[in-house]
Amino acid sequence: MNLKIAVLAGDGIGPEVTNEALNVLNAVAKHGGHSFTYTDLLIGGVAIDAEGTPLPQATIDGTLAADAALLGAVGHNKFNSFPPSQRPEAGLLKIRSVLGGFANLRPSVAYKPLADNSALRPEITEGVDIMFVRELLGGLYFGEPRWWNREEKLAHNTMVYSEAEVERVARIAFKLAQGRKKKVTSVDKANVLEVSQLWRYVVDQVAKDFPDVTLEHQLVDSMAIHLMNRPKDFDVVLTENLFGDILSDEAGVITGSLGMLPSATLGGKVNLYEPVHGSAPDIAGKGIANPIGAILTAAMVLRHSAGLEKEAKAVEVAVAEVLAAGYRTADIARGDIAGQKKVSTGEMGKAVLDAIQL
Ligand code: NAD
């Protein structure tokens, strides 16, 4: 298997955690005789420093020429006074829109050894494995018109979805559910919003093509409560852009640390893979960042771009084993629990690498 990967490591802890993700990809490639090639490209603050722009044209071209894009994180405090369009984060938003991926997959998995890190009781989080499928290119974040008229003291955003936009993301959710516990929970606000009524109508139509998958609809407000009370009941959660942004962050509570969460954005010209966390300026350069979110992101590259499901699973199992063996970066360490091995970014990466059984 040949895979050209654009590597956009970015700022802060981005390069530190991306390095560990690349070690994992290299190990899988070496073992299976696959050819993974990498192109390093600038994005974010490092791109502003080198090229004066957060997303140089060479990065756009290089990413479009790849089979998959692996991003670390962007953001640096020294750009805080810059206008939004010139900040490192603008580079990330632009590459996402250039690539055009519309289905943002955010798994939320509760690893048993981290049960004490969650604000939720262990009996509630144990066994939780939710896949959020968030529509990423539509809804309130992109709808036009949008404006803020300061004189009139009025602001306006538009929530808009076409049937085609809902259908394409719903199909991805149902297909994913077929390979999991065969349940889709579609989240909307159909008791109030016409857009949600269209959403629910289209999802019901798509469901007819997947008779092996159970579909339920939940209103977003009650879903926020169900997620915390009974997260085990959910498998694939399908949402529009805003609701998915909020609910997938809420579900981050289940995992115990932001450093544990991977993501993949599918459906565009090139799939974009990135851990959910940012550049973490408070810990950058200290070698203590948790690389697991980035390593699980590499597993998503294996699954969704390389078609190497067995290898992706092997990486995920290795992460679970390393956590069970007590390895903890600072963010997931608990001083009051015996048997924990406090490790650096590199040591955690190495422990996962050693635990991968291919
Ligand atoms: P952040 O995710 O960078 O950090 C939030 C907190 O979580 C910090 O205390 C940080 O130390 C911790 N944390 C995050 N990732 C961690 C990891 N892997 N291991 C251990 N601890 C980790 O969010 P923020 O502080 O709000 O933002 C910092 C910068 O990152 C800002 O410039 C922001 O705009 C940017 N940002 C970028 C992305 C992205 O690149 N996808 C996402 C969010 C924020």
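Residues numbered from 1 in each chain as written. Predicted model: local features only at pLDDT ≥ 70, side-chain atom pairs only at ≥ 80, totals over all residues. Heavy atoms only, no water.

Draft legend 1. Structural context of the overall build of the protein chain. What the protein chain contains, in helices and strands, is 12 helices and 14 strands. Taking 21 Å as the expected radius of gyration for a compact globule of 358 residues, we find that the protein chain reaches 20 Å, a close match to that expectation. Seen along its three principal axes, the alpha-carbon backbone of the protein chain occupies a region of about 50 × 50 × 45 Å. Of all 358 residues assigned to the protein chain, the portion counted as buried reaches 52%. Counted over contacts in the protein chain with a minimum sequence separation of 6, partners at least 24 positions apart contribute 75%. When the accessible surface of the protein chain is summed, it comes to about 15500 Å², and 54% of that surface belongs to carbon and sulfur atoms. Averaging the locations of the 35 positively and 43 negatively charged side chains of the protein chain gives two centres separated by 3 Å. (Helix = DSSP H or I, 4+ residues; strand = E, 2+ residues; numbered from the N terminus. Rg over C-alpha atoms; globule rule 2.2 N^0.38 Å. Buried < 20%, exposed > 50% of the residue type's maximum accessible area, 1.4 Å probe, protein only. Contact = heavy atoms within 4.5 Å. Areas by Shrake-Rupley, 256 points an atom, 1.4 Å probe, with all protein chains shown as cover. Lys, Arg positive; Asp, Glu negative; His and termini not counted. Charge placed at Lys NZ, Arg CZ, Asp CG, Glu CD.)

Draft legend 2. Layout of the packing of helix H3 (residues 57–64) against helix H4 (residues 88–99). Axis separation between H3 and H4 bottoms out at 11 Å; the angle between their running directions is 40°. As far as their axial angle goes, H4 and H3 are oblique. Along this stretch, H3 crosses H4, giving a crossing that reads as right-handed. On the side of H3, the interface is formed by Ile60, Thr63 and Leu64, while H4 contributes Lys94, Ile95, Val98 and Leu99. For the contact of H3 with H4, the class distribution of residues is five nonpolar, one polar and one charged. (Axes fitted to C-alpha atoms, helices over the stretch in contact; angles between N-to-C directions. Parallel < 35°, antiparallel > 145°, perpendicular 65-115°, else oblique. Left-handed = near helix turned anticlockwise from the far one by under 90°. Nonpolar A, V, L, I, M, F, W, Y, C, P; charged D, E, K, R; others polar.)

Draft legend 3. Representation of the nonpolar core. One finds Phe36, Leu105, Val133, Leu227, Leu238 and Leu323 to be the most contacted residues of the largest nonpolar core, which totals 90 residues. For this core, the leading source of residues is helix H10 (residues 292–304), giving nine residues. Residues lining this core come from more than one domain, with at least three contributed by each of domain 1 (1–101 + 257–358) and domain 2 (119–255). The residues touching Leu238, leaving out its near neighbours within four places in the chain, are Val133, Val169, Ala170, Ala173, Val184, Thr185, Ser186, Val187, Trp199 and Val203. In this structure, Leu41, Ile43, Val74 and Leu99 belong to the second largest nonpolar core, which totals 15 residues. (Core = buried A, V, L, I, M, F, W, Y, C linked by side-chain atoms within 4.5 Å. Domains from an automatic or database assignment.)

Draft legend 4. Quick peek at the environment of Val343. By the element assignment, Val343 lies in the loop between strand E14 (341–342) and helix H12 (345–355). Considering only alpha carbons, one finds Val343 and Ala289, 54 residues apart in sequence, at a separation of 9.7 Å. In contact with Val343, not counting residues within four places along its chain, are Tyr327, Arg328, Thr329, Ala330 and Met348.

Draft legend 5. Quick look at unusual backbone geometry. Cis geometry is found at the peptide bond from Glu144 to Pro145, where omega equals 0°. For Pro145, the position within the fold is in the loop between strand E5 (129–135) and strand E6 (147–149). Look at Lys153: it is not a glycine, yet its phi comes out positive at around 55°. Position of Lys153 among the secondary structure elements: in the loop between E6 and strand E7 (154–156). Taking the relative accessible area as the measure of exposure, Lys153 reaches 72% and is therefore exposed. For Lys182, which is not a glycine, the phi torsion comes out positive at approximately 60°. Positionally, Lys182 belongs in the loop between helix H6 (163–178) and strand E8 (183–188).

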